[in-house]
Amino acid sequence: MAESLSVEQAVSLPRIAIETITPIVDQGRCAAKALVGRQLALSAVLICDGHGKLAAEIIWRRSAQEIWQRVTMLPLGNDLWQAELTPRQAGKLYFAVEAWVDVWASYCDELSKKYQAGVSVDLELQEGERLLQETLERAAPEHIDMLQELLVELAQPGGVDAQVALLLSSHTQHIMGLAAQRRHRVRSAEYPLDVERQLAEFASWYELFPRSQTEDAHRHGTFDDVVRRMPDIARMGFDVLYFPPIHPIGLTHRKGPNNSLQAGPNDPGSPYAIGSAEGGHDALHPLLGNLDDFHRLVTAARSHDLEIALDFAIQCSPDHPWLREHPGWFNWRPDGSIRYAENPPKKYEDIVNVEFYTEEAMPGLWLALRDVVLFWVEQGVTLFRVDNPHTKPLPFWEWLIADIRQQHPDVIFLAEAFTRPAMMARLGKIGFSQSYTYFTWRDTKPELESYFTELNQPPWRDCYRPNFFVNTPDINPYFLQRSGRAGFLIRAALATMGSGLWGMYSGFELCEAEPLPGREEYLNSEKYQLRPRDWHAPGNIVAEITRLNRIRRHNPALQTHLGFQSYTVWNDNILYFGKRTQDLSNFILVAVCLDPFNAQEAHFELPLWEMGLEDGASTHGEDLMNGHTWTWHGKNQWMRIEPWHLPFGIWRIRSMA
C-alpha cells in the first residue's frame, strides 16, 4: 500500500497533469526520429481541475547551454494539445512541455459569456482592470509601457461596450500573453529527438561489387570501372551507391565459387574475409585501386548526385593485422585457435570474430573501430551499411553512432539486421538511421497490408525507418526465383511505393534469379567470384526502375513509409493502398497485382471520404507511369491488371472542386 501524503506534500504537487507526450521512445531513454525540414507534431494531454483555461508551449533547444525556444501549443479537444516543430539542422534536439493556468484567458472567457448573455459585467470590468494592474506591478521593463497604455485606454469614457471590446481584443490578449503571470506553471521532463537529413528517410540504394565492374571475368574490376558505370546508375534515379567491403581479402581458408572450401589460385575470395598482410579495415584492396583512386571515385559520385555507402563489417580474416598486433581483442581457444564464424548450417571458415569484452578490448577495440568509421568519413563516405549489428554489443553501437554523429551529423547508419522484431526496433532506438526489414519475405496481400500498417504505428513509426531491399547478395527470394520478369516489377513497385527507402543489389534490373537448388541464394554468387554482366541484356527492367524512381522524386507522399493506408478492392490478389501527405496536397493510389502470371480485375473504392467529397463526386486521375489522364465519377470503380504488360498501377488523384 502506497504511503499517504502529508498536507505539506499535497499542496506542493503540480495542479496540472501532463500526460501522453508524443513522440517519445522508451519514456525518453531513447530519441524519437525526426528529419530536417519536415514538420513534426508534438502533442500532450493536459489536465487541470475546474473551468479555467490552460496555455501551453513546447520548449526546445539543442544543448543545455542554449536558451530555450518556444512554440505555442493549441488545443485539439478532449484535453489534447499539439504544436508543430520544423527542425532546421541535423543533430540531437531536446524538448519539453510547459503548461500553466491562463488567468487572462479564463477571465476573458467568463467576461465574454456573461456579456453575450446580457448579464451585468460591472464587477467583471473591475476585475479586468485589477488583473491589468497586478500584471503591471510584476511586469518586465519591456512590457510596462504597453500595460500602462492599456490602463489609460480602459479609463477613457466610452461605456461598457467599449471597455469589453478593449479587454477582449486580440491586441490586449497578445500583451497579456507576453506579460501575464503564468500560475501553477509545470514543466515535463526533457525528451530527445534525433534529427537527420532527408536522405535518412528518402533514398534509393544501388548495391554493386566494384570488382565485378569489368567486361572480362579474368580481370578484376577497379574504382575507375565503377566511375564508368556511374552515369547509368544515376540515370536510373539512384542516389546512394553502396559497396560491400573493399578491403584486402585474406588467403587463409579463402572460399572458392559457390562458397566451396577450396579456392583456386585466381579465385578472389569473399570480401567479408577482411584483412591480409596488405592491411585491414582502413586499407583498400590493391586490385581496386589506391586512396587517390577512391577519392576520384567519391568526387565523380558527387558530380552525379550520388553518395557513397560502405559496408562496415566487424569481422576479420585470420590474416588480419589485428590478430598479430592485438591478440587480446580475440577469444582464443585452448588449442591456440580462434573459433571461426558460424550461422548454421552456414560455416565461414575464412572469418573470425573480435571479442568486445576482453580486458584489452575495453576500450582499445572500441576506439579502433570508431576510428575506422572516422577514417572513411574523412575520405568522403557519408553512409554505412552495418553488417549484422545485432550480433555486436548494443552499448557499443549506442556509443559509436552518437560519437560519430556528434562530429558528423550528416552520417547515416543502415542496420542489416534480419532478426527478432524487438532487436530490430532496439537498434533503431539506439541510433541506427534505418534498417533492413521483413519486407523481403512478405508476399501475400494480408502479409503486406499488415506489415505496412504496423510500420506506420507506434512504437515503430517513432524509432524505425524501413529500407525495403528487394534482394541482396545473400538473399535470392523464392518469389523472384519463380515469378519471372513480372515478379521483379511487382517487388520493385511494392518497395518503391511502400517506403521512402528502398534498395536493390545489381542484377535485379536484369531479373537475375538462378538459385542454388533448394536455397534462397544465388548460383555462382558474386560473393565468391567476379561477375561481369551485359547491363543492356534483353528483358531488363531498367526503364521501369527509372520511372519508379522519378515518380518518387516528384511526389512527396512517396518519400516516406508514413502515410500508408490500405483501401478496399474486391480481389485478394491485388494490394491496393494510398500514400498521402498530411495536408492531402499529394495523394497517390497504388494497385499491385501480386499474381505474376494471370490477369486480375476487381471493383475498388476511391477514398473520396478522405478528401471531404461525397460518394458521387468527380475526381481527376493521372497514370504516373504513362502520363494518361481521365476523370473518375463516383466512389466505386473497376480495374484490370495484366502482369505481362505492367503488374501495377500508380495514380495521382485530385479533387475537381
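About the cut-offs
Residues numbered from 1 in each chain as written. Predicted model: local features only at pLDDT ≥ 70, side-chain atom pairs only at ≥ 80, totals over all residues. Heavy atoms only, no water. Domains from an automatic or database assignment. Pairing = 2+ DSSP bridges. Helix = DSSP H or I, 4+ residues; strand = E, 2+ residues; numbered from the N terminus. Buried < 20%, exposed > 50% of the residue type's maximum accessible area, 1.4 Å probe, protein only. Polar contact = N/O pair within 3.5 Å; in protein donor to acceptor, adjacent residues only side chain to side chain. Contact = heavy atoms within 4.5 Å. Phe/Tyr/Trp six-rings, centres within 6.5 Å; stacked < 30°, edge-to-face > 60°. Lys NZ or Arg CZ within 6 Å of the ring centre and 35° of its normal. Core = buried A, V, L, I, M, F, W, Y, C linked by side-chain atoms within 4.5 Å. Axes fitted to C-alpha atoms, helices over the stretch in contact; angles between N-to-C directions.

**Topic: the domain arrangement of the protein chain**
Interfaces are often sized by the accessible area lost when the parts come together.
Here comes step 1: The domain boundaries assigned to the protein chain delineate domain 1 (15-102 + 184-196), domain 2 (103-179) and domain 3 (564-655).
Here comes step 2: Between the C-alpha centres of domain 1 and domain 3 the distance comes to 37 Å.

**Concerning the sheet that holds strand β12 (residues 240-243)**
Here comes step 1: Taken together, eight strands build an open sheet; the order of strands is β18-β17-β16-β13-β12-β11-β20-β19 and the sheet is parallel. The strands lining the two open edges of the sheet, one partner per strand, are β18 (434-435) and β19 (467-469).
Here comes step 2: In this sheet, strand β13 (residues 307-312) lies alongside β12 in parallel orientation, the contact comprising four bridges. By the bridge assignment, F243 is partnered in β13 with L310.

**Some thoughts on the side chain of Q434**
Here comes step 1: Take Q434: it is sitting in strand β18.
Here comes step 2: By relative accessible area, which is 2% here, Q434 ends up buried.
Here comes step 3: Among the polar contacts made by the side chain of Q434, one reaches the main-chain carbonyl oxygen of A200 at a distance of 3.1 Å.
Here comes step 4: Other than its neighbours up to four places away in sequence, Q434 contacts L199, A200, W205, I412, F413, L414, A415, R465, N467 and L501.

**Concerning the side chain of T619**
Here comes step 1: Relative to the assigned elements, T619 resides in strand β25 (residues 618-623).
Here comes step 2: When its relative accessible area of 0% is taken as the criterion, T619 is described as buried.
Here comes step 3: Contacts of T619, omitting those with residues within four sequence positions, involve L606, L608, L613, W630, T631, W632, I653, R654, S655 and M656.

**What to know about the pairing of strand β26 (residues 629-633)**
Here comes step 1: One ladder, built from five bridges, connects β25 with β26; its direction is antiparallel. The partner of E622 across the bridge, within β26, is T629.
Here comes step 2: Counting the residues in the hairpin turn of β25 and β26 gives five residues, including G627, whose phi is positive at 85°.

**Brief notes about the packing of aromatic side chains**
Here comes step 1: According to the stated counting rule, one finds 41 aromatic pairs in the structure shown.
Here comes step 2: Consider the rings of F564 and F577, whose centres lie 5.1 Å apart with planes at 40°: the pair is tilted. With F564 in strand β21 (residues 564-566) and F577 in strand β22 (residues 574-580), this residue pair connects regions lying 13 residues apart in the sequence.
Here comes step 3: Overall, the relative accessible area of 7% leaves F564 in the buried class.
Here comes step 4: Residue classification places F577 among the buried positions, given a relative accessible area of 0%.
Here comes step 5: Ring centres of Y567 and W609 lie 6.2 Å apart, and the angle between their planes is 85°; this geometry places the pair in the edge-to-face category. Here W609 lies in the loop between β24 (600-605) and β25 and Y567 lies in the loop between β21 and β22, a separation of 42 residues in the sequence.
Here comes step 6: The exposure class of Y567 is buried, given its relative accessible area of 6%.
Here comes step 7: Judged by relative accessible area, W609 falls into the partly exposed class, the value being 43%.
Here comes step 8: Taken together, the aromatic side chains of F312, F356, Y357, W366, F384, F396, W397, W399, F413 and F432 make up a single cluster linked through ring pairs.
Here comes step 9: For the cation-ring pair, R182 lies above W100, with the distance from its terminal atom to the ring centre recorded as 3.8 Å.

**Remarks on the nonpolar core**
Here comes step 1: I308, F312, F384, W397, F413 and I650 are the most contacted members of the largest nonpolar core, which totals 133 residues.
Here comes step 2: When residues are assigned to domains, this core turns out to be shared by domain 1 (15-102 + 184-196) and domain 3 (564-655), each giving three or more.
Here comes step 3: Core analysis: the next-biggest nonpolar cluster, separate from the first, contains 22 residues, Y107, C108, L150 and L167 among them.

**Some details on the sheet that holds β22**
Here comes step 1: Across the sheet, six strands lie side by side as β21-β22-β23-β28-β25-β26; this open sheet has antiparallel pairing. Of all strands in the sheet, those bounded by a partner on one side alone are β21 and β26. Ignoring which end each strand starts from, the neighbouring axes of this sheet average 30° apart.
Here comes step 2: One ladder, built from three bridges, connects β21 with β22; its direction is antiparallel. From the neighbouring strand, Q565 faces β22, where its bridge partner is G578.

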